[in-house]
Amino acid sequence: MLHRVEGIVIRSMDYGEGNAIITLCTENAGKVGVLVRGAKKVKSRHAALIQLFTVGEFVFFRNNGGLGTLNAGEITKSHHPLRQDLIKAAYASYACELLDRVLHDEETGSFWFRQLTACLNALEEDKEPGIIINVYEMKVLQAAGYGPELDACVVCGADKPDDQLRVSARLGGVLCRSCKHQDPPAMEISPRALKLLRVFARLDLTRLGNVDVKAETQAELKTIMRAFMDHQLGLKLKSQSFLDQLDKYNI
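Reading the values: the criteria
Residues numbered from 1 in each chain as written. Predicted model: local features only at pLDDT ≥ 70, side-chain atom pairs only at ≥ 80, totals over all residues. Heavy atoms only, no water. Salt bridge = Lys/Arg side-chain N within 4 Å of Asp/Glu carboxyl O. Helix = DSSP H or I, 4+ residues; strand = E, 2+ residues; numbered from the N terminus. Buried < 20%, exposed > 50% of the residue type's maximum accessible area, 1.4 Å probe, protein only. 1 Å grid on protein atoms, 1.4 Å probe; cavity = no way out; pocket = protein on both sides within 12 Å on 5 of 7 lines; lining within 4 Å. Points joined across faces, edges and corners; volume = space filled by probe spheres on them. Nonpolar A, V, L, I, M, F, W, Y, C, P; charged D, E, K, R; others polar.

K.L.:
What's the story with the pattern of salt bridges in this structure? I'm lost.
P.N.:
Side chains that carry opposite charge are capable of pairing whenever their charged atoms lie near each other. Here the structure, examined in full by the defined rule, presents 14 salt bridges. Across the pair Lys31 and Asp100 runs a salt bridge, and its minimum N-O distance is 3.2 Å. Taken as a pair, Lys31 in strand 3 (residues 31-36) and Asp100 in helix 2 (residues 86-102) lie far apart in primary sequence, 69 residues in all. Note that Asp151 is salt-bridged to Arg202, the shortest N-O span being 3.1 Å. One end of the pair, Asp151, is in the loop between helix 4 (129-143) and strand 6 (165-168); the other, Arg202, is in helix 5 (residues 191-202), and 51 residues separate them in sequence. Asp151 sits in the partly exposed class, given a relative accessible area of 39%. Here the residues in one salt-bridge network are Asp151, Asp162, Arg198 and Arg202, joined through shared partners.

Structure representation (structure tokens):
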């Protein structure tokens, strides 16, 4: 059967002599794997279609599910600037790999197509990458069923002042002082960072504007969100390791 979809390339890998297999996050057909014959050969008309972050219209044959075979394609947005910039490419790769690893095929529909589109566009528009990714990570946690409890103590349900709360990545939310013994390693969190996390939990990435966040608050948010991702999802992502290396060398 012939399929025509709008999609974003979230993974691309070599396959055999000059071929490639791409994974698409599509607007209406979920997550789709497509074989692109001859894509790696010199002067291939499909070479540009297999690049990460490429948005386009893809026409492919597929019978009874499984891997499709590309028939034709047309690029609608290449996101070439993302691939040219080391930092932007690192964050965009992380967003794509995270989506590919966490969500099942049937879950990557129009919502995730819009969120990833907004994420890539925001990165290309020079918005703060750390904030973009923190919002994106929050959406992934929520979609996977691990969205943190940020409005009341995750243990007793008490609604305490922000300056009396800690955050427990293991328990999945904030802890009041009366319950901090439930997780002694729970992290201190500033009222400003907690307020921003609550905004992230309610915000759709398509509505993200320019956010001015102090460097120390950004660092705090990054530490907290990383802890949530590690404890709740436990993924080992190549793109995350690369981001860690960039941090290590202050790039």
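K.L.:
Would you take a moment to explain the layout of surface pockets for this structure?
P.N.:
To find leftover empty space, one rolls a probe the size of a water molecule over the atoms. Its boundaries defined by the atoms lining it, the largest pocket holds a volume of some 310 Å³. Looking at the largest pocket, it is lined by 17 residues, and the ones nearest its centre are Tyr91, Gly130, Asn134, Lys222 and Asp247. Elements with a contribution of two residues or more to the lining of the largest pocket: helix 2, helix 4, helix 6 (215-232) and helix 7 (238-248). A class-by-class count of the residues in the lining of the largest pocket yields seven nonpolar, four polar and six charged.

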